[in-house]
Amino acid sequence: MANRATREVVPASSRVAIIGGGISGLASAKQMAAYDPVVFEATPSIGGVWKHCVYRSTRLQTPRPDYEFSDYSWPNRDDPTFPTHTEIVDYLEGYADEFDLWRYIAFGSKVVDIKYLGGPQAGFTELWSGTGKAPLQGRPMWEVGVATGGVVQYYKFEFIVMCAGKYGDVPRMPIFPAGKGPEVFKGQVMHSLDYCKLSEEESVELMRGKKVVVVGYKKSAIDLANECAQANQGEGGQACTMLVRTLHWVVPSYSIWGLPFFIFFSTRFSQLIYERPNQGFFRFLLCLLLSPLRTAVSKFIESYLSWKLPLGKYGLTPDHPFVEDYASCQMAILPDGFFDMADRGLVRFQRASGGWSFCEDGVVLADGTKVEADLVFLATGFEGKDKLRAVLPDPFRSLVVNKSSMMPLYRGTIHPLIPNMAFVGYVESVSNLHTSELRCRWLSGLLEGRFELPSVRAMTAHVEDEVEAMRRTTRFYRRHCISTYSIHDSDGMCADLGAATRRKANWIAELFAPYNNKDYQEDQ
């Protein structure tokens, strides 16, 4: 066991602050070790969402080898099963051991306030942070208020890396008209965030023998319904009803008609057929000519899912192409035996496309259909950006989200109008670990002065083009997902760093082999 002595003293003034001790925070700490960063973690442990926002049955949706740091492998990376949340936390602790990251982390330190020290001009300059390069200039730019043991202390920093995450802490709660909200319901209402805090015994006791409604049909809702069904097996058990407002495609495994899933989306050749940001006229024309192939790939996958899963039987076949869910990171991997539970009557599905509200005995749909319930779970997601708004000062808090409800981040990291601050972990992909790690390496290069950023105007245009590329690909574009152009995204960061963009041994592998973290090891 490595020495896990953590930071006990935070200097009054330091160079780099990292807010959050999840995957992105750890990757940032490793890349910025030269600056002796201070990692503020509000909880007593690392792991972020994997430690504090999971159910007992939660597993990763990505195969083990595709979810690892480029310089730290899983000890059992050949294990074909998806890692459990406890395995992921163990892996992250091992990563912190390997690179001696504990010494940077101040546990039990919640950031409650941030003040800007850069003067009235703030970030509204022609170049980001005034120069567009090497932002560490030897003077504090931010003052961070940290609550520890009920006392708030302020510390000054030249640069802040926000890694507070999109999930947990702030639940997204539905809004109801007066007299139609939880206050009229005789039973119990609980957000999935609160459910995560229960032990296995407490969760089983809570659901056993109850009429349960789960609101939602994404990964967390599906896992929650599956746990509810498991708790209600046997005599006296009740069915769990999923209230489904928007249908999305679900996948039983990473195999489609016997073919590995990566060949459809994760090779350089496969990503040729999808829109990408700032692609130019000829690239746009190529996508237009290849649109029939794009449609064929989506239909091919849909045909398998409709054959493999009883989607039609339960009215769960989406009316949009599969690629739209993949391009917006909405695809969910099913837990083992999920539809077996449905076939046994332990999980039911109720469409609520027109909306719903509470009534005394449960919930009522827009068409008047009532669903009785003793317990209603709201698996309605989180308002991660509200965590940023809560601590950022004016005028920056109003800039966090653009008109498309996305964070306008250049290279998924730098806000053109917020100086000396970066945001890591707010872009989604097939492997969020890879997405964060490469961004941290890119950010380290920026701090070292290895490249200059474009003008604020150019970065803003680049971000807007990303939004447009996603808008053309999927109707669910209001989240920053790079799944269909992830290799192109990585190419841009590698080019900025002066590193090779072609990372494979030969042109055949370059076109047809999947890209993963091992391709981006720093010695290449």
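Residues numbered from 1 in each chain as written. Predicted model: local features only at pLDDT ≥ 70, side-chain atom pairs only at ≥ 80, totals over all residues. Heavy atoms only, no water.

In the nomenclature of an unreviewed UniProt entry, the chain is known as Flavin-containing monooxygenase of Lolium multiflorum. Quoted verbatim from the Sequence similarities (unreviewed entry) field of UniProt, the annotation for the chain is "Belongs to the FMO family." Heading Cofactor (unreviewed entry) of the UniProt record for the chain holds this comment: "FAD". (UniProt positions renumbered as here; feature names shortened; annotations may be inferred.)

Within a beta sheet, neighbouring strands are joined by backbone hydrogen bonds and run either parallel or antiparallel to one another. Taken in spatial order, the 3 strands line up as β15-β16-β17 in an open sheet, and their pairing is antiparallel. At either margin of the open sheet sits one strand with a lone partner, and together these are β15 (356-359) and β17 (370-372). Along the sheet, successive strands turn relative to each other by an average axial angle of 25 degrees, direction set aside. By the bridge criterion, 4 bridges tie β15 to strand β16 (residues 362-365) in an arrangement that is antiparallel. Each bridged residue has a counterpart across the sheet, and for Cys359 the counterpart in β16 is Gly362. (Pairing = 2+ DSSP bridges. Helix = DSSP H or I, 4+ residues; strand = E, 2+ residues; numbered from the N terminus. Axes fitted to C-alpha atoms, helices over the stretch in contact; angles between N-to-C directions.)

Read from one edge of the open sheet, 5 strands run β7-β18-β8-β9-β14, paired in parallel fashion. Each edge of the open sheet carries a strand with a single partner, namely β7 (188-191) and β14 (347-351). For this sheet, the mean angle separating the axes of adjacent strands, direction not counted, is 20 degrees. Two strands pair when backbone bridges link them, and strand β9 (residues 240-244) and β14 are joined in this way by 5 bridges, in the parallel orientation. If you follow Leu243 over to β14, its bridge partner there is Gln350. This element, helix α5 (residues 200-207), spans β7, β8 (212-215) and β18 (375-378) of the sheet and lies at about 125 degrees to β18. (Contact = heavy atoms within 4.5 Å.)

Let us now look at the side chain of Glu227. For Glu227, the position within the fold is in helix α6 (residues 219-231). Owing to a relative accessible area of 0%, Glu227 belongs among the buried residues under this scheme. Setting aside residues no more than four positions away along its own chain, Glu227 makes contact with Tyr55, Arg56, Ser57, Tyr195 and Met207. (Buried < 20%, exposed > 50% of the residue type's maximum accessible area, 1.4 Å probe, protein only.)

Before going further, it helps to examine the environment of Asp386. Residue placement: Asp386 occurs in helix α12 (residues 384-391). Within the structure, the side chain of Asp386 is placed 2.4 Å from the side chain of Arg389, a separation counted as a polar contact. (Polar contact = N/O pair within 3.5 Å; in protein donor to acceptor, adjacent residues only side chain to side chain.)

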